[in-house]
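Single-letter residue listing:
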Amino acid sequence: MAGYRVRVWFDADGLGVGAPARDRGVIELPVIPQPGMELADDDGKVATIRRVVLLHEPGPDGAVAVLVCAPG
């Protein structure tokens, strides 16, 4: 199955509040998610996608988009 490589940034205290978002690496998904969708990690913790930034061209790691996620 082909997919899209996307870089995930996690902002633990919400967008624009407190500490900056942290880079959580690249994952491959079958679609590019939209804001409001949820992602779960291997431990079952759920994060809501707050922003999706499409990149003009793939990065060195092959990512075509950046997802900014926040808890719940």
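All of the points below concern the structure found in this document. All values derive from a computational prediction rather than experimental measurement.

Describing the environment of Ala 40
- Turning to its location among the elements, Ala 40 is positioned in strand E3 (residues 38-40).
- Along the chain, Ala 40 and Leu 67 lie 27 residues apart, while their C-alpha atoms are 13 Å from each other.
- Leaving out residues up to four positions away in the same chain, Ala 40 has contacts with Lys 45 and Val 46.

Details of the sheet that holds E3
- The sheet built from five strands is open, its strands ordered E2-E1-E5-E4-E3 with mixed pairing. Looking along the sheet, the strands with just one partner apiece sit at the ends: strand E2 (22-29) and E3. Between one strand axis and the next, the sheet turns through 40° on average, direction left out of account.

A word on the pattern of salt bridges
- Under the definition given, this model contains two salt bridges.
- Of the charged contacts, one joins Asp 23 and Arg 7 as a salt bridge, the two residues approaching to 2.8 Å between their closest N and O atoms. Within this pair, whereas Asp 23 is found in strand E2, its partner Arg 7 is found in strand E1 (residues 4-10), the two being separated by 16 residues in sequence.
- The exposure class of Asp 23 is partly exposed, given its relative accessible area of 37%.
- Across the pair Arg 7 and Asp 61 runs a salt bridge whose closest N-O atoms are separated by 2.2 Å. Of this pair, Arg 7 sits in strand E1 while Asp 61 sits in the loop between strand E4 (46-54) and strand E5 (65-71); the two residues are 54 residues apart in sequence, bridging distant segments of the chain.
- Judged by relative accessible area, which is 24%, Asp 61 ranks as partly exposed.

Reading the values: the criteria
Residues numbered from 1 in each chain as written. Predicted model: local features only at pLDDT ≥ 70, side-chain atom pairs only at ≥ 80, totals over all residues. Heavy atoms only, no water. Helix = DSSP H or I, 4+ residues; strand = E, 2+ residues; numbered from the N terminus. Contact = heavy atoms within 4.5 Å. Pairing = 2+ DSSP bridges. Axes fitted to C-alpha atoms, helices over the stretch in contact; angles between N-to-C directions. Salt bridge = Lys/Arg side-chain N within 4 Å of Asp/Glu carboxyl O. Buried < 20%, exposed > 50% of the residue type's maximum accessible area, 1.4 Å probe, protein only.

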